[in-house]
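# Observations on the model geometry
So the chains spell out like this:
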Amino acid sequence: MSTQEDKLKAIADAIREKEGSADPIPAGDFPERIRAIQSGGIQLSSIAITVPPDKTGYITGELFDPAGMVVTATYSNGATLIATGWAVEPAGPLPEGLTVATIRYTEGGVSVTVNQPISVSSYWLFGFDINNADSNPATRVSYPGDVHNARFAAAKMDFDTDTFSYGGWPSTPGEKFMPQPCMLNFDGTVAYYLDPNDYTKKADGTASDVADVNFGGNAMMEWPKIFTKRWETDGVYHFRCSDQKLDEDYECWCNYDKNDQEIPYFYTHIFPGFLDDSSRLRSISGQKGATSKTAGAFGTYAGVNGADIWYIEVLADRLLIQDLLVMMFKSTNIKACTGLGTSNYNVIAGTLNTKGMFWGVNAQTDGVKVFGMEHWWGGLSRYLAGWHYSSNGTQCCKITWGTKDGTSGNKYYDNYILIPDSTINYSSASGYVAAMKTMPYGRFPISIKGSSSTYETDSMGFQPVNGPNYAVAGGYARSVGPFSVSLNIRLSATSGYTGAALSCKPLASAQAQS
């Protein structure tokens, strides 16, 4: 039965009740009876929003999204029906500061309205909360009501259909917090952007230099300025991020150059690093990751690209990406949502060039791709600058290249910040992350009494003896994921299973001129 027939039948039922008749009214008589009742004063009375829309938070210029909203019409005789064909005001782009959208419904010459509360701001605000006491990765994460993603569907990789769904999240590279792939010159300026669905092509469809070792730069992901706020209350971890500094607690930790100047963009690798003939650590497709060097040596090789702006992966970037993954997938078991990552540490870069921004399988036969980066876990382990475990059992970190983080040291290896109450809580030197220490710049594991199916579901190793020990992320074990870290690698150590990858923080002066 059509919606119109449903409507007529409901009104007819109301007519029978009013007239005290149990006899059915033939469908053909509906219009006449309705007109008769309307002439007798029974007509559309009001409408109400009985189910609110999925989205109520908007950014200036967006259009009203009615998805999920149910509007119910009430007639003067008490009959109620689900209304269709209503209109929204304003119909065009939403202006900043608007607090309601008006829904207008007209029937039988009668027009009625109802207001739907919304918020329209010039900035985007996303976030999530984690109930630390809940060990279930899928239920411990929630979307609070103060963020634009309050009613978003979570992102997810469908392993059965080999398709990725962004849910309600931005899907266009360069939109909101989403990075975009590019070829970055050695001087930190963008040569051009890549096709996010096929890195062998430029954004304009022509052939790219993603596999050309003679290109004067590297394949990188360009991230915008992202302000974050992290805090904990009553056992709940809160994460918020925005493109604006909404209060004094918001900070863009990843967007500082060596001189403590804010920069509009920072860059992370697309591929694990290899060493070219000039002893430069590179991010280029088709190459096998370099190993068997110390962390310090890899830092030097990264600097050959540009001593003031290039380095190996840094802690601040990793902490941000961890939180963004939890936010998008609404879970702390990220591997279950995206893929396990490969068990092969001899992977060749570029096998996922045509897999889009996110991709993976529920096995260790293939790599995983998140935010456009290959093998962010799985494959080689990688040194991570700015995090170590001291010989007295305290975790230490350095967040920025310069002094913005409150240190007085240079780069990521002097004058570390001591993380309070961060001694690992376990009798063994390895286990699964079960509790995290909240700091303004991210979360640090402090208990490894979990399991592969609870809390963060990822493994961690540490060794306070004879420290300090360097942080190593990534890795090819089944227990390894985005929260995995080994804090047991001596600064002088080398390994055939451990390499490094690039990061770049261009100078503010250079980005201003580009």
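Note that the structure is predicted; figures quoted are calculated from it, not measured.

## Side note on the overall build of the protein
The number of helices and strands found in the protein is six helices and 35 strands. The C-alpha extent of the protein, read off along each of the three principal axes, is 95 × 55 × 45 Å. When burial is assessed residue by residue, the protein has 53% of its 514 residues classed as buried. Partitioning the intrachain contacts of the protein with sequence separation of at least 6 by distance along the chain shows that 64% fall at a separation of at least 24. Accessible area of the protein: about 20300 Å², with a carbon and sulfur share of 48%. Measuring between centres, the 39 positive side-chain charges of the protein sit 4 Å from its 51 negative side-chain charges.

## A word on the nonpolar core
Ranked by size, the top nonpolar core spans 83 residues in total, and within it Phe 177, Leu 324, Leu 325, Met 328, Phe 358 and Phe 371 carry the most contacts. Looking at this core, the element that brings in the most residues is helix α4 (residues 315-329), giving eleven residues. In contact with Met 328, other than residues within four places in its own chain, are Tyr 143, Ala 154, Ala 155, Tyr 166, Trp 169, Phe 177, Met 178, Phe 358 and Phe 371. Core analysis: the second largest hydrophobic core is formed by 23 residues, Ala 302, Trp 310, Tyr 311 and Ala 500 among them.

## Observations regarding the sheet that holds strand β5 (residues 87-89)
One open sheet holds the three strands; their spatial order is β5-β6-β7, and the pairing between them is antiparallel. Each end of this open sheet is capped by a strand with a single partner; those strands are β5 and β7 (110-117). Shown here is a sheet whose adjacent strand axes are inclined to one another by a mean of 30°, direction ignored. Pairing of β5 with strand β6 (residues 100-107) involves three bridges; the strand directions are antiparallel. By the bridge assignment, Val 88 is partnered in β6 with Ile 103.

## So, the sheet that holds strand β1 (residues 44-51)
Pairing between the strands of a sheet is mediated by backbone hydrogen bonds and can be parallel or antiparallel. Spatial ordering of the open sheet is given by β1-β3-β4, a layout of three strands whose pairing is antiparallel. Where the open sheet ends on each side, the last strands, each with one partner, are β1 and β4 (80-82). Strand-to-strand, the axes of this sheet are offset by a mean angle of 30°, without reference to chain direction. In this structure, β1 lies alongside strand β3 (residues 70-75), joined through six bridges in antiparallel fashion. Opposite Val 51, over in β3, you have Val 70 as the bridge partner.

## Let's talk about the packing of aromatic side chains
In this description, an aromatic ring pair is defined by two values, namely the gap between the centres and the angle between the planes. As enumerated under the stated definition, the model contains 33 aromatic pairs in all. Relative to Phe 329, the ring of Phe 164 has its centre 6.0 Å away and its plane inclined at 70°; by these criteria the two rings are edge-to-face. Here Phe 164 is found in strand β12 (residues 163-165), whereas its partner Phe 329 is found in helix α4, with 165 residues between them in sequence. Phe 329 carries the same exposure label as Phe 164, and that label is buried.

## Focus: the pattern of salt bridges
Evaluated as defined, the whole model comprises 20 salt bridges. Salt-bridge contacts for Arg 282 lead to Asp 276; the nearest nitrogen and oxygen are separated by 3.0 Å. As far as burial versus exposure is concerned, Arg 282 and Asp 276 are alike and both buried. Between Arg 382 and Glu 313 there is a salt bridge whose closest N-O contact spans 2.5 Å.

## As for the pairing of strand β30 (residues 442-447)
A large share of β30 lies buried, amounting to six of its six residues. With five bridges connecting them, strand β29 (residues 435-439) and β30 associate as antiparallel partners. The residue of β30 that forms the bridge with Lys 437 is Phe 444. Hairpin geometry of β29 and β30 is characterised by an intervening segment of two residues between the two adjacent antiparallel strands.

## Structural notes on the pairing of strand β31 (residues 459-462)
Of the two faces of β31, the one holding Ser 459 and Gly 461 and the one holding Met 460 and Phe 462 are both buried throughout. Pairing of strand β28 (residues 430-432) with β31 involves three bridges; the strand directions are antiparallel. Within β31, the position partnered with Gly 431 by the bridge is Met 460.

## Things to note about helix α3 (residues 295-303)
Along α3, the positions that sit buried rather than exposed are Ala 295, Phe 298, Gly 299, Ala 302 and Gly 303. Along the axis of α3, the buried positions cluster into a sector of 140°, meaning they face one direction only. The inward-facing, buried residues of α3 contact β21 (281-282), β22 (310-312), β25 (381-389), β32 (469-474), β34 (498-499) and β35 (502-504).

## Some remarks on the environment of Lys 55
Among the secondary structure elements, Lys 55 is positioned in the loop between β1 and β2 (57-59). Sequence separation between Lys 55 and Asn 149 is 94 residues, and the spatial gap between their C-alpha atoms is 7.6 Å.

## Brief notes about the side chain of Arg 318
Mapping Arg 318 onto the fold places it in helix α4. Although Arg 318 is buried, it makes no salt bridge; Glu 313 carries the closest opposite charge, 4.2 Å away. Side-chain polar atoms of Arg 318 contact the backbone oxygen of Pro 482, separated by 3.4 Å. Here Arg 318 is in contact with Glu 313, Trp 376, Arg 382, Leu 384, Ala 473, Gly 474, Gly 481, Pro 482 and Ser 484, once residues within four sequence places are set aside.

Analysis parameters
Think of each chain on its own: its residues are numbered from 1, step by step along the sequence as written. In view of the model being predicted, local features appear only for residues whose pLDDT reaches at least 70, and side-chain atom pairs are presented and counted only at 80 or more, with totals across whole chains, interfaces and linings using the full set of residues. In computing side-chain properties, one takes all heavy atoms of the structure into account and sets aside hydrogens as well as water. Only DSSP runs of H or I reaching four residues or more are called helices, and only runs of E reaching two or more are called strands; each is numbered from the N terminus. For each residue, the accessible area found with a 1.4 Å probe, counting protein chains only, is set against the maximum for its type, and the residue is called buried under 20%, exposed over 50%, and partly exposed in between. Any pair of residues with heavy atoms lying within 4.5 Å of one another is described as a contacting pair. Only the protein chains shown count as covering a residue, and every accessible area follows the Shrake-Rupley method with a 1.4 Å probe. Charge counting treats Lys and Arg as positive and Asp and Glu as negative, with His and both chain ends excluded. Taken as the charge location is NZ of Lys, CZ of Arg, CG of Asp or CD of Glu. Residues belong to a common nonpolar core when they are buried Ala, Val, Leu, Ile, Met, Phe, Trp, Tyr or Cys residues joined through side-chain atoms within 4.5 Å. When DSSP finds at least two bridges between two strands, those strands are taken to pair. Here an axis means a line fitted to C-alpha atoms, over the contact stretch when the element is a helix, while the angle between two N-to-C directions is reported on a 0 to 180 degree scale. Stacked, tilted and edge-to-face are the three classes applied to pairs of Phe, Tyr and Trp rings, where Trp contributes its six-membered ring and a pair requires centres within 6.5 Å; stacked means planes under 30 degrees apart, edge-to-face means over 60, and tilted covers the rest. Whenever Lys or Arg places a side-chain nitrogen within 4 Å of a carboxyl oxygen from Asp or Glu, that contact is recorded as a salt bridge. Picture the helix axis, draw a direction to every C-beta atom, and the arc is the one those directions span. By the criterion applied in these results, polar contacts are pairs of N or O atoms within 3.5 Å in which, for protein atoms, one can donate a hydrogen and the other can accept it, and in which residues neighboring in sequence qualify only through two side-chain atoms.

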